[in-house]
Amino acid sequence: MGLRRFIQASYFQCARTTGILKRVQYKPPSLVHWKHSGSCLYKAVIFDMGGVLLPSPYKLAGEWEVWNHIPPGTIKQAFISGGENRPWLRFMRGELTYAEFLQEFGRQCSEIANSAVPVDSFLSVLTSSQMSKQIPIMTEAVECIRAEGLKTAVLSNNFYLHNGVSFLPLDRKQFDVVIESCLEGICKPDPRIYKLCLERLGVLPKESIFLDDIGENLKAAAQLGIKTVKVEDPEAALKELETFLGFPLRGFVPHTRLMRPTMEIPKDSLQQYLVKVLGGQKTDPVILRQFSHGQSNPTYYVKFGDRHLVLRKKPPGKLLPSAHAVEREYRVLKALAEAGVPVPNVLALCEDSSIIGTPFYLMEYCTGHIYKDPSLPGLEPGQRRAIYIAMNEVLCKIHSVDLKAAGLEDYGKPGNYIQRQVQTWTKQYRASETHAIPAMERLIEWLPLHLPGNRKTTVVHGDFRLDNLIFHPEGPEVCAVLDWELSTLGDPISDVAYNCMAHYLPSDCALLKGLRDCDVTQLGIPTAEEYFQMYCEHMGIPPVENWNFYMAFSFFRIAAILQGVYKRSLTGQASSATAESSGKQAEHMANLAWNFATKEGFRLFKEFPDAKPLSRLYSTWARCGAFPRRNYITTAPSSPAHASKAHLILSPDGLPGRAQDLYHKLKRFMDVNVYPAEQVLRNHQASQARWTPHPLIEELKDQAKSEGLWNLFLPLESDPEVKYGAGLTNQEYAHLCELMGTSLHAPEIFNCSAPDTGNMEVLVRYGTAEQKERWLQPLLDGKIRSCFAMTEPQVTSRVAFGKPLAEQGTILADIAKSRAEIEQARLLVLKAALLMDTAGNKAAALEIAMIKMVAPLMALRVIDRAIQAFGAAGLNNDFPLAQFFAWARALRLADGPDEVHRTTVAKLELRR
């Protein structure tokens, strides 16, 4: 279903003139019916320039000598005589300048002719535009070779012109590799230049064929194992080349190739069908070629008698549900043509799979301009702008079709288009999933939570791009809109966003050339914003605010399509030769989609009100991809429970009113009740009765419960109805948790200690009614505890100094280090909490893993410094430091070993 089959190629014959595609008279291919063998011994064809692609310089030299009354053979003899240091070879190796060559070559020719020879005149003729035109049949042969998936190269003995530019009057885009002797400093028949060419092509000598008109050049190539063809007569040479390659080099139809083995169509039954529905003679031959760029529904060029047609069919094999619906394409093309939308003229629909194996339809082969490069090379800025305006206008024409009058009211479901599309492409992606794509997982979660409101329902094309349009040969008028496979009824803005994807892709994108690295203003092309504004003005509607959502959805859909193409390539069902690369392209498109989702999240984030805004949003230093997961449109702006989500709150003073009240109540409770009881509780933990709860703990629990300081930990997202906890966000609780963390006993007193907290949250989210009754409620009530078992090493010594420790430089340094490390970890905890609130736990996975790794290590370092300062007192029960250290060390295992968290962080970082 692809980034779509560039059917444009199937609708017109074209030739390139000054970079612009133009209509030409069709020349029927040979009636020899070649059958693709599915494999070829060769992977590359290498061409000499002069004498193969261009007229022979020897022949030209002979004609020039006649015109200028120069003894015959003078130039040729100068070409070949004089050894490795003769002027001609030194000139082709780039060792002589243009002026130096004229002087030395002129002297050599004059000696041979025994008279003055105007070699400057000969060189002018040799490099003239008239004499440097490619031989047409060779140009066509190159096109045929590339259409069958082979690489091409030009290996030229050439030279620098007087302006310092190398002489290579060829369209370099025809070749995968260009080797110029003057640039490389070596020339044929030096074996090194052939090896260089093979290396850049990435092929072995036995996998390549070399065409040249000079025997010694061919001999050198053959000695390396390269297959050679001597070009004395181009016609004969191409016939010989055809026998080696196994496919024709004539009758080229742009962007087509022989049918691949898995995509062949039975000609006899197709011929009978064509006679029946189109008329004609049973003796009229059928010539079939497959369009090479089709990613989804295979598309074929068909010549039947004197008619030129396009056949579009479903691919073979088991297909994804609702995909490849050629019947819908036929229906919408027929209806839109009657409604005045420029589309190809459809001729017949065949739903009988017995004819060619799958349903198909026929349409006329159209002619005109198709622009595959959105930068429109070769056009003037005004012409480029006119092309984009015409494209914009025809899109508006599609979106303005009267559905009832066109008989398309039931062509799709009205309303909720984007929601249904997200669901559809999610299912399609899941059905074709071959490996995990992290960005796709995030998008599948994010898109349904940020859906736009319903808009006017129109016909939507679903794949509206510049290269799916055929323009009139004489001006910027759209003659036909192609590729309607994804069309339905839906939100028209989705078409506009899809149309603008090229603005965000690089110009060297393998899938679809883009404009991201182009100066569109200088080119005369509207920016994406200008193009959308133009559309809104044409349609008479206000611009939408959530443009980035539509762009995210567009790239998400493309990623799902490409993943389907990749999956089919693994089973041999894909119709494009480049389908196997779609796997990597799917990941790239998914990442682009996620970038737009990030932008949309930031837009919502900035619009969210906050009583105490910071000078800098957390999102400016959050990792790429972290932004609100929830749809803030549905959240009341004045809701105090959600206010802390908008910005990173560094101080408890910035908490919303209720959370701030809880913080101050908690602080008073700690000061009055918890800290004074710590020594008693520490003594109890060192006694033989330590496994029996101390009565004071139970008293403080009851008191905390009565004051509403109970089960503060349970996050609002897990308990939205506030049935079990305090209804705090993660960030709000983080500040209260920091306060409780100043005492080893406080978390238990407020029923906020691990591992109870994690177990309770799991039961709240996923527990059955029976499990909640049996385990959750007793845990929430503080009647039972959770536990785990572990072993610990022992978990040191001290050195005395001759003056108070507070005056020691090392102690002062340790205090400074500890303060900095505590603050760093604190900020990371707050950030993780905020991301959990705004982006969800999955999106905050990196920060969660980092803080699980950072906080225990930080605590250990800080506690260890304190123990070092306290000396022996830090190791006994007179102070809580030894307990602190033990608990901090336990945390490095209790919530997963550091190694696990480090691995998680590293994997997430590499995945970015």
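Residues numbered from 1 in each chain as written. Predicted model: local features only at pLDDT ≥ 70, side-chain atom pairs only at ≥ 80, totals over all residues. Heavy atoms only, no water.

**A few points about the environment of Gly164**
Then comes step 1: Inspection of the secondary structure assignment puts Gly164 in the loop between β4 (151-156) and β5 (177-180).
Then comes step 2: Considered as a pair, Gly164 and Tyr98 are 66 residues apart in the sequence and their alpha carbons are 8.2 Å apart. (Helix = DSSP H or I, 4+ residues; strand = E, 2+ residues; numbered from the N terminus.)

**Points about the packing of helix α23 (residues 657-674) against helix α26 (residues 730-740)**
Then comes step 1: At their nearest, the axes of α23 and α26 sit 10 Å apart, and the two run at 5° to each other. With respect to α26, the axis of α23 lies roughly parallel. Only Glu732, His735, Leu736, Leu739 and Met740 of α26 make contact with α23, whose side of the interface consists of Ala659, Leu662, Tyr663, Leu666, Lys667 and Met670.
Then comes step 2: For the contact of α23 with α26, a count of residues per class yields eight nonpolar, one polar and two charged. (Axes fitted to C-alpha atoms, helices over the stretch in contact; angles between N-to-C directions. Parallel < 35°, antiparallel > 145°, perpendicular 65-115°, else oblique. Contact = heavy atoms within 4.5 Å. Nonpolar A, V, L, I, M, F, W, Y, C, P; charged D, E, K, R; others polar.)

**Re the packing of aromatic side chains**
Then comes step 1: All chains considered together, the criterion is met by 26 aromatic pairs.
Then comes step 2: Measuring from ring centre to ring centre gives 4.5 Å for Phe532 and Trp547, while their planes differ by 25°; the resulting arrangement is stacked. Of this pair, Phe532 sits in helix α19 (residues 528-539) while Trp547 sits in helix α20 (residues 547-571); the two residues are 15 residues apart in sequence, bridging distant segments of the chain. Residues Phe532 and Trp547 agree in their burial class; the two are buried.
Then comes step 3: Every member of this aromatic cluster is reached through a ring pair, and the members are Tyr58, Trp64, Phe79, Trp88, Phe91, Tyr98, Phe101, Phe105, Phe122, Phe159 and Phe167.
Then comes step 4: Over the face of the ring belonging to Tyr58 we find Lys76, whose NZ or CZ atom lies 5.4 Å from the ring centre.
Then comes step 5: Directly above the ring of Trp710 sits Lys705, whose terminal nitrogen or CZ lies 4.6 Å from the centroid. (Phe/Tyr/Trp six-rings, centres within 6.5 Å; stacked < 30°, edge-to-face > 60°. Buried < 20%, exposed > 50% of the residue type's maximum accessible area, 1.4 Å probe, protein only. Lys NZ or Arg CZ within 6 Å of the ring centre and 35° of its normal.)

**Things to note about the confidence of the model for the protein chain**
Then comes step 1: On average, residues of the protein chain carry a pLDDT of 82, and 85% of them reach 70 or more.
Then comes step 2: In this model, residues 1-33 is a region of pLDDT below 50 whose contacts with residues beyond four sequence positions or in other chains number 130 contacts.
Then comes step 3: Within the model, pLDDT remains below 50 along residues 796-801, and this stretch shows eleven contacts once partners closer than five positions in the same chain are excluded. (pLDDT = per-residue confidence, 0-100.)

**A short note on helix α11 (residues 267-278)**
Then comes step 1: Its twelve residues give α11 an end-to-end C-alpha distance of 15 Å, which sits within 8% of 16 Å, the value for a rise of 1.5 Å per residue.
Then comes step 2: Of all the residues in α11, the buried ones are Leu270, Gln271, Tyr273, Leu274, Val275 and Leu278.
Then comes step 3: Positive phi appears at Gly279, one or two residues downstream of α11, with a value of about 80°. (Expected span 1.5 Å × (residues − 1).)

**Details of the sheet that holds strand β7 (residues 227-230)**
Either a parallel or an antiparallel arrangement is found when strands of a sheet pair, and the pairing is made through backbone hydrogen bonds.
Then comes step 1: Taken in spatial order, the five strands of this open sheet run β5-β4-β3-β6-β7, and their pairing is parallel. Two strands close off the open sheet at either side, each with one partner strand: β5 and β7. Neighbour-to-neighbour, the strand axes of this sheet turn through a mean angle of 20°, independent of strand direction.
Then comes step 2: Where β4 meets β5, four bridges bridge the pair, whose relative direction is parallel. For Ser156, the partnering residue across the bridge sits in β5 and is Glu180. (Pairing = 2+ DSSP bridges.)

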